[in-house]
Amino acid sequence: MTTRQAILEHIRRDAEENEYFTCPDVQLFNDLIDGLAKNTTRYGYGSCPCRIASGMKIYDSDIICPCEYRDADVDEFGMCYC
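Please read all numbers here as calculations on a predicted model, not as lab measurements.

Criteria and thresholds
Residues numbered from 1 in each chain as written. Predicted model: local features only at pLDDT ≥ 70, side-chain atom pairs only at ≥ 80, totals over all residues. Heavy atoms only, no water. Helix = DSSP H or I, 4+ residues; strand = E, 2+ residues; numbered from the N terminus. Contact = heavy atoms within 4.5 Å. Salt bridge = Lys/Arg side-chain N within 4 Å of Asp/Glu carboxyl O. Buried < 20%, exposed > 50% of the residue type's maximum accessible area, 1.4 Å probe, protein only. Phe/Tyr/Trp six-rings, centres within 6.5 Å; stacked < 30°, edge-to-face > 60°.

1. With respect to the environment of Leu 8
One can find Leu 8 in helix α1 (residues 3–17). Among all residues touching Leu 8, those that are not within four sequence positions of it are Phe 29 and Ile 33.

Shown next as structure tokens:
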């Protein structure tokens, strides 16, 4: 299984378990998955591509997907990036 496939499965499983929907915009959703895969390769963890990562996991723990800002973004904007 590729990193991209593993991320895709993780995102879908997390969304289902938390009663969220994934982004209906196919291009935007694919960009998200590609960004997470790139950051996983780059940093060793899937920092959210809509946030700026330091490259140090200890400092980026709040932006590892699903990030700590997801619920607040959903409450404020009706959705988060992913």
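Following the structure, the description resumes.
2. Observations regarding the pattern of salt bridges
Under the defined criterion, the tally for this structure stands at four salt bridges. Among the ionic pairs, Asp 14 bridges to Arg 70, the shortest N-O distance being 2.5 Å. Of the two residues, Asp 14 is situated in helix α1 and Arg 70 in helix α4 (residues 70–77); the sequence distance between them amounts to 56 residues. The exposure class assigned to Arg 70 is buried, which follows from its relative accessible area of 13%.

3. With respect to the packing of aromatic side chains
The tally for this structure, following the rule as stated, stands at one aromatic pair. Between Tyr 43 and Tyr 45, the aromatic rings sit 5.8 Å apart at their centres with planes inclined by 25 degrees, giving stacked as the arrangement. Exposure remark for Tyr 45: the relative accessible area of 5% places this residue in the buried category.

Geometric values such as these leave the question of function open.
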